[in-house]
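Coordinates in review
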Amino acid sequence: MRTFEKGVPGAAPRRPLPPFGDEHEQLRASIRRFVERELRPHAERWEDERWFPDEVFAKLAAGGFLGLKYPEAYGGQGGDHLHDAVLIEELGGCGSGGVAAGIGAHVTIATPPVFKFGTEEQKRRFLVPAIRGERIAALGITEPGAGSDVAAIRTRAEPVDGGWVVNGSKTFITGGVRADFVVTAVKTTADGGHGGLSFLLIERGMEGFTVSRKLEKLGWHASDTAELAFADVFVPEENLLGRENEGFYLIMANFQWERIAMALGAVAAMGRLVDSSLAYARERVAFGRPIGRFQAIRHKIAAMAVKHEAARALTYHALRRFHSGADAIDEVTQAKLLSQRYACEVADDAIQVHGGAGYMREYGVERAARDLRLGPIGGGTDEVMKEILGRRLGL
Ligand SMILES: Cc1cc2nc3c(=O)[nH]c(=O)nc-3n(C[C@H](O)[C@H](O)[C@H](O)COP(=O)(O)OP(=O)(O)OC[C@H]3O[C@@H](n4cnc5c(N)ncnc54)[C@H](O)[C@@H]3O)c2cc1C
């Protein structure tokens, strides 16, 4: 298989680049070896099969990669978000956005709320086995009638003796088909708006909880995306995550990290696309010369490299601010917006540079273009990012 990640030096920045240091580069090398050995050789088949095996989580756990940012007391590595950032960048090199997304959902969006808001007992029951790769987690917020408009969530949890009875549905849930538990947003009051939102840990096997559909998608083929149904599911009170009716804070708390993670993934993908386009432009000959010697192609790749570098600079800036504990909403929102849109543009340009080969599966460029198209939609759409920024500008 010819893949675009091989590339040649060119777009890859000289490392380490702040906020990363030597320690992170050692981790990077070890994750890269794991990706090359355990993921990349299988990516094509998993894309075809529309699934990757659960044992990938166990293998990641054996390398310590599922708990990089969690304390050793829970089986983690005692690191922080920067270590997870390295993981996210490197997973993008596995050749399948779906595999990266499937792992990312567990590490980046589903387990952090358990760590941040969970009781000690919940951390033992859910976080520890998740770090060991024994229980796979998903985050269930979106519903058929509520995406950008989170306050429109209708899945209802009625209080009963000892817990709640849940009725409703979720859709587009990454990892939802295989998940052992879903960190699920529910309405615990009849109020409209952001009030009355709570989170329940809903476990596979609870009566009335089913996967109603595995959804087919444009990209991210190896990841399972689910529609979930809840019909009179009894959820015990010990499965309430965080405080009742304060679920909106939980959603907001993890958005910043999810968006940085998406930006990091897009930047890493852009770097590989620039590299592969450079390599192709050097070797592909037309009209008696390498196509990179045509100004049209040379300028296109130069512009791709600028987009990559600009998105990387803004993303690392957001990451540095987030990591320092400062208010990073502006920077994170800008980085998410810019990186996802640029990544789509760079992927389209990469197809163009590769000509017909760019349209063929074996080069991996078309897959990258399909996978990256999710970026301006997931984790908050471009329009939502602009709304946030516009409001923060006082408009
Ligand atoms: C592959 C995939 C995986 C996903 N994984 C998960 C997951 O694991 N868990 C989860 O909970 N969700 C997940 N999602 C859902 C994702 O977060 C939502 O799709 C996203 O938030 C957008 O919501 P929506 O699809 O309902 O679009 P809508 O909110 O219906 O938006 C449709 C269009 O209207 C625009 N729009 C909406 N409101 C405004 C506004 N106020 N101003 C201007 N324009 C507006 C949007 O920007 C968009 O262009 C996933 C989605 C996909 C496609």
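The structure under discussion appears in the preceding block.
Cut-offs and rules
- Residues numbered from 1 in each chain as written.
- Predicted model: local features only at pLDDT ≥ 70, side-chain atom pairs only at ≥ 80, totals over all residues.
- Heavy atoms only, no water.
- Helix = DSSP H or I, 4+ residues; strand = E, 2+ residues; numbered from the N terminus.
- Contact = heavy atoms within 4.5 Å.
- Pairing = 2+ DSSP bridges.
- Buried < 20%, exposed > 50% of the residue type's maximum accessible area, 1.4 Å probe, protein only.
- Arc of directions from axis to C-beta.
- Polar contact = N/O pair within 3.5 Å; in protein donor to acceptor, adjacent residues only side chain to side chain.
- Phe/Tyr/Trp six-rings, centres within 6.5 Å; stacked < 30°, edge-to-face > 60°.
- Lys NZ or Arg CZ within 6 Å of the ring centre and 35° of its normal.
- Axes fitted to C-alpha atoms, helices over the stretch in contact; angles between N-to-C directions.
- Parallel < 35°, antiparallel > 145°, perpendicular 65-115°, else oblique.
- Left-handed = near helix turned anticlockwise from the far one by under 90°.
- Nonpolar A, V, L, I, M, F, W, Y, C, P; charged D, E, K, R; others polar.
- Salt bridge = Lys/Arg side-chain N within 4 Å of Asp/Glu carboxyl O.
- Expected span 1.5 Å × (residues − 1).

Thoughts on the environment of Pro236
Residue position: Pro236 is located in strand 7 (residues 225-236). Spatially, the C-alpha atom of Pro236 lies 8.8 Å from that of Val165, the residues being 71 residues apart in sequence. Ignoring anything within four residues of it in the chain, the contact list for Pro236 reads Gly162, Gly163, Trp164 and Met206.

Quick word on the pairing of strand 2 (residues 156-160)
Strand direction decides the pairing type here: strand 2 and strand 3 (residues 163-174), joined by five bridges, are antiparallel. Note that in strand 3 the partner of Glu158 across the bridge is Val165.

Side note on helix 2 (residues 55-62)
Listed as buried for helix 2 are Val56, Phe57, Leu60 and Ala61. Here the buried residues of helix 2 occupy an arc of 140° about the axis, which is enough to place them on one side. Elements that come into contact with the buried residues of helix 2 comprise helix 1 (22-49), helix 4 (97-117) and helix 5 (120-131). Positive backbone phi, approximately 85°, marks Gly64, located one or two places after helix 2.

Some words on the side chain of Thr155
As for its placement among the helices and strands, Thr155 is situated in the loop between strand 1 (137-140) and strand 2. Only 2.7 Å separates the side chain of Thr155 from the side chain of Glu143, close enough to count as a polar contact. Within the structure, the side chain of Thr155 is placed 3.1 Å from the backbone oxygen of Ser169, a separation counted as a polar contact.

A look at the packing of aromatic side chains
For the coordinates displayed, the defined rule picks out 10 aromatic pairs. With a centroid separation of 5.7 Å and an interplanar angle of 20°, the aromatic rings of Trp257 and Phe322 are classed as stacked. Residue Trp257 is located in helix 6 (residues 247-283), and its partner Phe322 is located in helix 7 (residues 295-324); the two are separated by 65 residues in the primary sequence. Clustering of aromatic rings is evident, with ring pairs tying together Trp46, Phe52 and Phe57. Positioned over the ring face of Phe255 is Arg259, at 4.0 Å from the centre of the ring.

Some details on the packing of helix 6 against helix 8 (residues 329-354)
Packing of helix 6 against helix 8 leaves a shortest axis separation of 8 Å and a crossing angle of 25°. Taken together, helix 6 and helix 8 sit at an angle that is classed as roughly parallel. Pair helix 6 / helix 8 crosses with left-handed handedness. In the contact of helix 6 with helix 8, the residues fall into 18 nonpolar, six polar and two charged.

A look at the packing of helix 3 (residues 81-91) against helix 7
Running from N to C, helix 3 and helix 7 point in directions that differ by 150°, and their axes come no closer than 10 Å. Classed by the angle they form, the pair helix 3 and helix 7 counts as roughly antiparallel. Counting all contacts with helix 3, which are made through His81, Leu82, Ala85 and Glu89, the residues of helix 7 involved are Tyr316, Leu319, Phe322 and His323. Taken together, the residues of the contact of helix 3 with helix 7 break down into five nonpolar, two polar and one charged.

Some words on the side chain of Thr381
Inspection of the secondary structure assignment puts Thr381 in the loop between helix 10 (365-372) and helix 11 (382-392). Given the relative accessible area of 16%, Thr381 is considered buried. Apart from the residues lying within four places of it in its own chain, the contact partners of Thr381 are Ser148 and Pro376.

Quick look at the pattern of salt bridges
This model, assessed by the stated rule, comprises 36 salt bridges. We note a salt bridge from Glu55 to Lys59, for which the minimum N-O separation is 3.8 Å. Here Glu55 pairs with Lys59, and both are found in helix 2, just four residues apart, close to one helical turn. Owing to a relative accessible area of 47%, Glu55 belongs among the partly exposed residues under this scheme. Under the relative-accessibility criterion, Lys59 is labelled partly exposed at 34%.

Regarding helix 7
Between its terminal C-alpha atoms helix 7 stretches 43 Å, which fits the 44 Å expected from 30 residues at 1.5 Å a residue. Within helix 7 the residues assigned to the buried category are Ile297, Ile301, Met304, Lys307, His308, Ala311, Arg312, Thr315, Tyr316, Ala318 and Leu319. Phi turns positive, to about 90°, at Gly325, one or two residues after helix 7.

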